[in-house]
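Below, each chain spelled out in residue letters.
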Protein chains: 2
Amino acid sequence: MATTGKQLFTTLEADGTLTVALEDVSFPDPTGNQVLVKMEAAPINPSDLAILVGAADMENATYSPGKFVATVPEPYNAGSKARHGLKLPAGNEGAGTVIATGDSDAAKALMGQRVSCVPGNAYSQYCTADAGMCLPLGDHSTEEGASSFVNPMTALGFAENAKMDGQDAILHTVGASNLGQMLTRICQEDGLGLVNIVRKDDQVELLKKIGATHVVNSSQDDFMAQLTAAIDDTGAFYGFDPIGGGTSVDTAFKAMERVAVSRMSEYSRYGSNQPKRMFIYGRLDTGATTLSPSYGFGWTLSGWLLFPFLQSAGAETVARMRKRVRDNLTTTFASHYKKRVNLEEMLTKEAVSDYRTMKTGEKYLVTPWS
Amino acid sequence: MATTGKQLFTTLEADGTLTVALEDVSFPDPTGNQVLVKMEAAPINPSDLAILVGAADMENATYSPGKFVATVPEPYNAGSKARHGLKLPAGNEGAGTVIATGDSDAAKALMGQRVSCVPGNAYSQYCTADAGMCLPLGDHSTEEGASSFVNPMTALGFAENAKMDGQDAILHTVGASNLGQMLTRICQEDGLGLVNIVRKDDQVELLKKIGATHVVNSSQDDFMAQLTAAIDDTGAFYGFDPIGGGTSVDTAFKAMERVAVSRMSEYSRYGSNQPKRMFIYGRLDTGATTLSPSYGFGWTLSGWLLFPFLQSAGAETVARMRKRVRDNLTTTFASHYKKRVNLEEMLTKEAVSDYRTMKTGEKYLVTPWS
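As the structure is a computational prediction, the values presented were derived from the model and not from experiment. (Residues numbered from 1 in each chain as written. Chains lettered and ligands numbered in written order. Predicted model: local features only at pLDDT ≥ 70, side-chain atom pairs only at ≥ 80, totals over all residues. Heavy atoms only, no water.)

(A) Highlighting the interface of chain B and chain A. At the junction of the two partners, chain B supplies 36 residues and chain A supplies 37 residues. Counting the surface lost from both chain B and chain A, the interface buries some 3000 Å², and carbon and sulfur atoms represent 64% of this. Taken as a group, Tyr267(B), Arg269(B) and Phe297(B) account for 25% of the area that chain B buries against chain A, more than any other trio of residues on that side. Where chain B meets chain A, there are zero salt bridges. Elements represented by at least two residues in the side of chain B that touches chain A include exactly helix 1 (46-52), strand 6 (87-89), strand 16 (276-280), strand 17 (285-291) and strand 18 (299-303) of chain B. If you tally residues by element for the side of chain B that touches chain A, the top one is strand 17 of chain B, at six residues. A class-by-class count of the residues in the side of chain B that touches chain A yields 18 nonpolar, 13 polar and five charged. Sheet topology note: the strand 18 (residues 299-303) of chain A/strand 18 of chain B ladder contains three bridges and is antiparallel. If you follow Thr300(A) over to strand 18 of chain B, its bridge partner there is Ser302(B). (Contact = heavy atoms within 4.5 Å. Buried area = accessible area lost by both parts, 1.4 Å probe. Salt bridge = Lys/Arg side-chain N within 4 Å of Asp/Glu carboxyl O. Helix = DSSP H or I, 4+ residues; strand = E, 2+ residues; numbered from the N terminus. Nonpolar A, V, L, I, M, F, W, Y, C, P; charged D, E, K, R; others polar. Pairing = 2+ DSSP bridges.)

As structure tokens, this is what we get:
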């Protein structure tokens, strides 16, 4: 007795044609440790956008009810060769109500409960999820729980990773984002130093209002001096960047090196030995990353993804992190949404044009049954 | 009873004027663990060139006996701000004969011996060196021992670092260099896989002649296919690059990712989870490093310097490495020179114009007493 509902799929053909459309899907009865979740809320995170619209020309796309067809220009289309011809689901995370379960005790215990989950096809009226990856929401609404995984666990992951690496301060290059605000609260709670970089004065205000001590505005003339002073003050030689392309990481390394060199008693042509560490965890800028040869050899840059980090952190740490998220869902880890759209509305020109800009504080929530 | 001799100094002023000149210097009698070495041979390594000529306009420099004055253009001059006004010695390493020692047993034991050393002012007729950093050359000539530190320990350091990180293969982006040839022999001796990238057919021949199995010529049309096949064959997801600027590292990461993706059973928008690791250990290209967003997030790029590595490796490992170098100085770790110049000759337009190009296999040796 399968359940039928609408689900979003995204398909990129070899010629660059991107089709994103709803289809009626039959969801089989859950077995074993599976649960069937009636999805009520799913956020559109930057990490979802790559597969939803990517670099497609959405201005000249063709929109029809429950569908758009767009063209992905080169070289981006060729760069996505690995997905050519594949019909992929989308939506990393969301929340809903468990309406059927498999036979395992863990699955059965969730029957009728509101849970958040990370199914990978959250833009759907139903999802099959693993009980072990579901977070029971208790008294929280599904809207409160919709974004309880990607941003909260990533922000917490930064703090955990920093501590594992013996750091007591973090630099974050997009401080005012939803994730940046969570990180600001986490660092306060954990006594970690934090240097937040923002682009506007009102973002400085926003972060200071929630207790941030070091907020640097990159649009100000003395940005580098301010950034250097903040790093000197906190000792943040370790940072995270969701921009990826351009000189965002380069700027951070330069400022770190200025601080390190100012602390050296003797000149070295090789730069300082102060280890400087940056992680790129997103691609808000899909251009190339540029690193100038101006901070010696004592630096390391890595990509950073949540799932590999959680795997390396181990089950015990992950369980502790998830409990902390659930216990602080409407405080430390609260998310805010600009707009709610259903599955049809999220595929209109108006909606796509707006959410693809990924403006700070303007996140969309997909509510499949509204 | 100080000893007097000629020594080279390099000075960059704030206005970009670079003066490299010989001066008569008085070397005090060595004390404690110090030895005084009459220097007979010192190589000009790429790592020496940054401080000797850097980005200076050597075509329009003023040359006089034992001196040149050149201009370092912007932005390179501003990038060297930390050394403005400092008169610096040059020459990382060299070899000579110990002619006086301090009172320590280690120092006294070296009296009269030929040693190699890493004084930092090797372009000089005399150097004061620490006995602990001197390598007695036994029957070897000082020319044979002149390059026994920087290249041999760096090449050995790559192999040691790879093993510490659980790797059994290495990629090297400038395979035919003096260091690359050493690395080729080391990897054979240690049973490590090695992918050598070269730019010319005769370099392929050269490396194959000394036993290299995977040599890829970047000037051939099917370079990427060859590189990918070599990585697939060796499992070299771990590499070293002395170029720094441009797309050398990017190309390596791209090829590694192609191999990793070809081994995946399922598409992931985030790329492969195969860890990919590159180290930049030189700046043959002083331009910016460009990293394209085409190999997901499972990569790490670091600067790599010999001295910090040796410090992290510990005294026991370093002693073992040095012994291996000394025992194989004219085989595994042999260096070859294009030309010998004395201190005056190394500052002529003819010599500078030639050695600054850092052509593969065209290293200069400074012989201060010739």
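So much for the structure itself; the text now carries on.
(B) Here's a closer look at the sheet that holds strand 1 (residues 3-12) of chain A. Residue and element names in this part refer to chain A. Across the sheet, five strands lie side by side as 4-5-2-1-6; this open sheet has antiparallel pairing. Strands at the two margins of the open sheet, each flanked by one partner only, are strand 4 (57-64) and strand 6 (87-89). Adjacent strand axes in the sheet meet at a mean angle of 35 degrees, parallel and antiparallel pairs treated alike. As defined by bridge partners, strand 4 adjoins strand 5 (residues 67-71) across four bridges and the pair is classed as antiparallel. Across the sheet, the residue bridging to Thr62 is Val69, located in strand 5. (Axes fitted to C-alpha atoms, helices over the stretch in contact; angles between N-to-C directions.)

(C) View of the packing of aromatic side chains. By the definition in use, this model includes 32 aromatic pairs over all chains. When the centroid spacing of 5.6 Å and the interplanar angle of 25 degrees are considered together, the rings of Phe149(A) and Phe307(A) count as stacked. Taken as a pair, Phe149(A) in the loop between helix 4 (142-145) and helix 5 (150-164) and Phe307(A) in helix 10 (residues 306-313) lie far apart in primary sequence, 158 residues in all. With 5.0 Å between their ring centres and 75 degrees between their planes, Phe158(B) and Trp304(B) make a pair best called edge-to-face. Taken as a pair, Phe158(B) in helix 5 (residues 150-164) and Trp304(B) in the loop between strand 18 and helix 10 (306-313) lie far apart in primary sequence, 146 residues in all. Put simply, the rings of Phe158(A), Tyr238(A), Phe240(A), Phe279(A), Tyr281(A), Trp304(A) and Phe309(A) touch in pairs and so form one group of aromatic residues. Note that Lys87(A) overlies the ring of Phe9(A), its terminal NZ or CZ placed 4.8 Å from the centroid. (Phe/Tyr/Trp six-rings, centres within 6.5 Å; stacked < 30°, edge-to-face > 60°. Lys NZ or Arg CZ within 6 Å of the ring centre and 35° of its normal.)

(D) Region of interest: helix 7 (residues 201-209) of chain A. Residues and elements named next belong to chain A. Within the sequence span of helix 7, burial applies to Gln203, Val204 and Leu207. Down the axis, helix 7 shows its buried residues gathered within 105 degrees of arc, on one side only. Within helix 7, the exposed residues directed more than 90 degrees away from the buried face are Asp202 and Lys209. Tucked into the core, helix 7 has its buried residues touching helix 6 (178-190), strand 12 (193-198) and strand 13 (214-217). Count one or two residues on from helix 7 and you reach Gly211, which has phi positive near 105 degrees. (Buried < 20%, exposed > 50% of the residue type's maximum accessible area, 1.4 Å probe, protein only. Arc of directions from axis to C-beta.)

(E) Broad picture of the domain arrangement of chain A. Residue and element names in this part refer to chain A. What the domain assignment lists for chain A is domain 1 (3-147 + 335-366) and domain 2 (151-309). Spacing between the C-alpha centres of domain 1 and domain 2 amounts to 31 Å. With 12 residues of domain 1 at the contact, the number on the domain 2 side is 11 residues. Approximately 780 Å² of surface area, both sides summed, lies buried where domain 1 meets domain 2, with 53% of it carried by carbon and sulfur atoms. In this structure, the connection of domain 1 to domain 2 is made through zero salt bridges. Run the count over domain 1 and domain 2 and you get one residue pair in polar contact (both at pLDDT 80 or more). Within the side of domain 1 that touches domain 2, the residues separate by chemical class into five nonpolar, five polar and two charged. (Domains from an automatic or database assignment. Polar contact = N/O pair within 3.5 Å; in protein donor to acceptor, adjacent residues only side chain to side chain.)

(F) Broad picture of the relation of the copies chain B and chain A. Overlay of chain B on chain A (RMSD 0.0 Å): rotation 180 degrees, translation along the axis 0.0 Å. On this basis, the relationship between the two copies can be described by a two-fold rotation axis. When you check the interface residues of chain B against chain A, 100% turn up at the interface there too, and the contact is symmetric in its surfaces. (Least-squares fit on C-alpha atoms with pLDDT ≥ 70 in both.)

(G) The arrangement of the pairing of strand 3 (residues 34-44) of chain A in detail. Residue and element names in this part refer to chain A. Of all 11 residues making up strand 3, eight are buried, and the element is well covered by its neighbours. Relative to strand 9 (residues 126-130), strand 3 runs antiparallel, the two being bridged by five bridges. Of the residues in strand 9, the one forming a bridge with Val37 is Cys127. Sheet topology places strand 3 next to strand 7 (residues 94-101); six bridges connect them, and they run antiparallel. Counterpart to Met39 in the pairing with strand 7 is Gly96. Across three bridges, the pairing between strand 3 and strand 20 (residues 364-366) is antiparallel. The residue of strand 20 that forms the bridge with Pro43 is Leu365.

(H) Quick look at the UniProt feature "domain: Enoyl reductase (ER)" (unreviewed entry) in chain A. Within this numbering scheme, the UniProt entry marks residues 16-366 of chain A as carrying the feature "domain: Enoyl reductase (ER)" (unreviewed entry). Each end of residues 16-366 of chain A is marked by a C-alpha atom, and these two atoms are 26 Å apart; helix forms 32% of the span and strand 29%. (UniProt positions renumbered as here; feature names shortened; annotations may be inferred.)

(I) Representation of the sheet that holds strand 2 (residues 17-27) of chain B. All names here are of chain B. A sheet is described by the order of its strands in space; here five strands give the open sequence 4-5-2-1-6, paired in antiparallel fashion. Of all strands in the sheet, those bounded by a partner on one side alone are strand 4 (62-64) and strand 6. The mean inter-strand angle of the sheet, taken between neighbouring strand axes irrespective of direction, is 30 degrees. With three bridges joining them, strand 4 and strand 5 (residues 67-71) adopt antiparallel strand pairing. Bridge assignment links Ser64 to a residue of strand 5, and that residue is Lys67.

(J) Highlighting helix 8 (residues 223-234) of chain A. Residue and element names in this part refer to chain A. Between its first and last C-alpha, helix 8 extends 16 Å over 12 residues, near the 16 Å set by a 1.5 Å rise per residue. Listing the buried residues of helix 8 in full gives Phe223, Met224, Leu227, Thr228, Ala230, Ile231 and Thr234. Angular distribution of buried residues about the axis of helix 8 spans 165 degrees; they occupy a single face of the element. On the buried face of helix 8, the contacting elements are strand 11 (169-172), strand 12, strand 13 and helix 9 (248-262). A positive phi of about 75 degrees marks Gly235, the residue just after helix 8. (Expected span 1.5 Å × (residues − 1).)

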